[in-house]
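# Fold and contact review
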Amino acid sequence: MPGARYGVDAPYGFSFVGLVVVGFWVTGLVMAVTVDLVAALPALLAGTLLAGCLALSLHTSLRGKFLVWRDVLDELDLRGDERLLDLGCGRGAVLVAAARRLPRGRAVGVDLWRGLHQSGNSPAATLRNARAEGVADRVHVHGGDLRRLPYAEASFDLVGSSLTVHTIFGAHTRAQAIAEAYRVLRPGGRLLIADLGRTPREYAAVLARLDAQDIRVRSLGWRAWWGSPWVPTRLLTARKPDAP
């Protein structure tokens, strides 16, 4: 069976930036030939700098995010029988990694599988990856809106999400998604949401109003930078209080 394939995040964005890089380089080369090298330097340097940002983003999409989630999941010290929900699971990068650590548990993914957010995005691709990684017996996927999750209250020991909630337009609707994630979490359960820039702090404020405990936001480091240190990925962690 072919190996798992997880695609590229925001493929149209990468394509657009790639075209801009080529445009800068072509402009610079034309100016170098028709005017002089000094006049061409700004365009050549801009293209090279943007190409470096593009390369760093590709590393994050194709390798870096897998490494940081490996570390995050290892830190959880799971028993192996937990029930986990991955919000916006895409092609299953986090979902499958979690399932490997749950030999007696279950990893459930929910998504709308939009191609704008990930290349080749589909539930079939997610399940193919689960089979390729040998965890199909404990992976399940459902279509659904993160603002109205199709699960009962207190259904999961862990709820995670990687680079998804920020794609929901508007702070109010993102707050709905965070509240839903918290609703389906069991007492004592843990929430882990990795997202861009300052959005995890926005989610932390929502969770504080819901009386979540142990709310923390931290950077996931250079392996999860999207082009530069100014577009980092941060991880929000929180815990639902134990039942009285």
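Relevant structure appears above.
The paragraphs below set out a description of the structure included in this document. (Residues numbered from 1 in each chain as written. Predicted model: local features only at pLDDT ≥ 70, side-chain atom pairs only at ≥ 80, totals over all residues. Heavy atoms only, no water.)

### A look at the overall build of the protein
- In terms of regular secondary structure, the protein is built from 6 helices and 7 strands.
- Reading the helices (α) and strands (β) of the protein from amino to carboxyl end gives α-α-β-α-β-α-β-β-α-β-α-β-β.
- Referenced to the eigenvectors of the C-alpha coordinate spread, the extents of the protein come out at roughly 75 × 45 × 30 Å.
- Each of the 244 residues in the protein was classed as buried or not, and the buried ones make up 45%.
- Here the analysis covers contacts within the protein between residues at least 6 apart in sequence; of these, 76% occur between residues at least 24 apart. (Helix = DSSP H or I, 4+ residues; strand = E, 2+ residues; numbered from the N terminus. Buried < 20%, exposed > 50% of the residue type's maximum accessible area, 1.4 Å probe, protein only. Contact = heavy atoms within 4.5 Å.)

### Remarks on the packing of aromatic side chains
- In total, this model carries 2 aromatic pairs according to the counting rule given.
- Ring centres 5.3 Å apart and planes at 55° place the aromatic pair Y6 and F66 in the tilted group. With Y6 in the segment before α1 (11-34) and F66 in helix α2 (residues 37-75), the pair connects residues that are 60 residues apart, well separated along the chain.
- Residue classification places F66 among the partly exposed residues on the basis of a relative accessible area of 26%. (Phe/Tyr/Trp six-rings, centres within 6.5 Å; stacked < 30°, edge-to-face > 60°.)

### Description of the sheet that holds strand β5 (residues 185-196)
- The strand order β3-β2-β1-β4-β5-β7-β6 describes an open sheet built from 7 strands, whose pairing is mixed. On the outer flanks of this sheet lie β3 (139-143) and β6 (213-219), each paired with one strand and no other. Across the sheet, the mean angle separating the axes of adjacent strands is 15° when strand polarity is ignored. (Pairing = 2+ DSSP bridges. Axes fitted to C-alpha atoms, helices over the stretch in contact; angles between N-to-C directions.)

### Some remarks on the packing of α1 against α2
- Two elements in contact, α1 and α2, have axes whose closest approach is 8 Å; the angle formed by their N-to-C orientations is 160°. One finds that α1 runs roughly antiparallel with respect to α2. The hand of the α1/α2 crossing is left-handed.
- Considering only residue class, the contact of α1 with α2 consists of 19 nonpolar, 7 polar and no charged. (Parallel < 35°, antiparallel > 145°, perpendicular 65-115°, else oblique. Left-handed = near helix turned anticlockwise from the far one by under 90°. Nonpolar A, V, L, I, M, F, W, Y, C, P; charged D, E, K, R; others polar.)

### Observations regarding the nonpolar core
- By size, the foremost hydrophobic cluster in this structure holds 29 residues, and its most contacted members are W69, A107, V139, L192, L220 and L235.
- Within the residue set of this core, elements represented by two or more residues are α2, α3 (93-100), β3 and β5.
- Sort the elements by how many residues they give to this core and α3 lands first, with 7 residues.
- When residues no more than four places from it in sequence are discounted, the contact partners of L235 are W69, V72, L192, I193, A194, R216, V217, R218 and L220.
- Residues F156, V184, I193 and L207 belong to the second largest nonpolar core, which totals 27 residues. (Core = buried A, V, L, I, M, F, W, Y, C linked by side-chain atoms within 4.5 Å.)

### Points about the pattern of salt bridges
- For the structure on display, the rule yields 16 salt bridges.
- Measuring nitrogen to oxygen at the nearest pair gives 2.9 Å for the salt bridge that ties R101 to D74. Here R101 is found in the loop between α3 and β2 (106-111), whereas its partner D74 is found in helix α2, with 27 residues between them in sequence.
- For D74, a relative accessible area of 46% translates into the label partly exposed.
- One network of salt bridges, in which partners are shared, links R70, D71 and R223. (Salt bridge = Lys/Arg side-chain N within 4 Å of Asp/Glu carboxyl O.)

### A look at the environment of F24
- Looking at the element boundaries, F24 is found in helix α1.
- For the pair formed by F24 and A46, sequence separation is 22 residues and the distance between their alpha carbons is 6.8 Å.
- Setting aside residues no more than four positions away along its own chain, F24 makes contact with A43, L44, A46, G47 and L50.

### Section: helix α5 (residues 171-183)
- For α5, with 13 residues, the first-to-last C-alpha span of 18 Å sits near the 18 Å given by 1.5 Å per residue.
- Within α5, the full set of buried residues consists of T173, R174, A175, A177, I178, E180, A181 and Y182.
- Each element contacted by the buried residues of α5 is listed here: β1 (83-87), β4 (156-162), β5, α6 (199-209) and β7 (233-239). (Expected span 1.5 Å × (residues − 1).)

### What to know about a nonpolar patch on the surface
- A contiguous nonpolar surface patch, about 240 Å² in accessible area, is contributed by V22, V26 and V30.
- Structurally, V26 can be placed in helix α1.
- With a relative accessible area of 45%, V26 lands in the partly exposed category. (Patch = residues over 30% accessible without salt bridge, like charges linked within 9 Å, V, L, I, M, F, W, Y side chains within 5 Å. Areas by Shrake-Rupley, 256 points an atom, 1.4 Å probe, with all protein chains shown as cover.)

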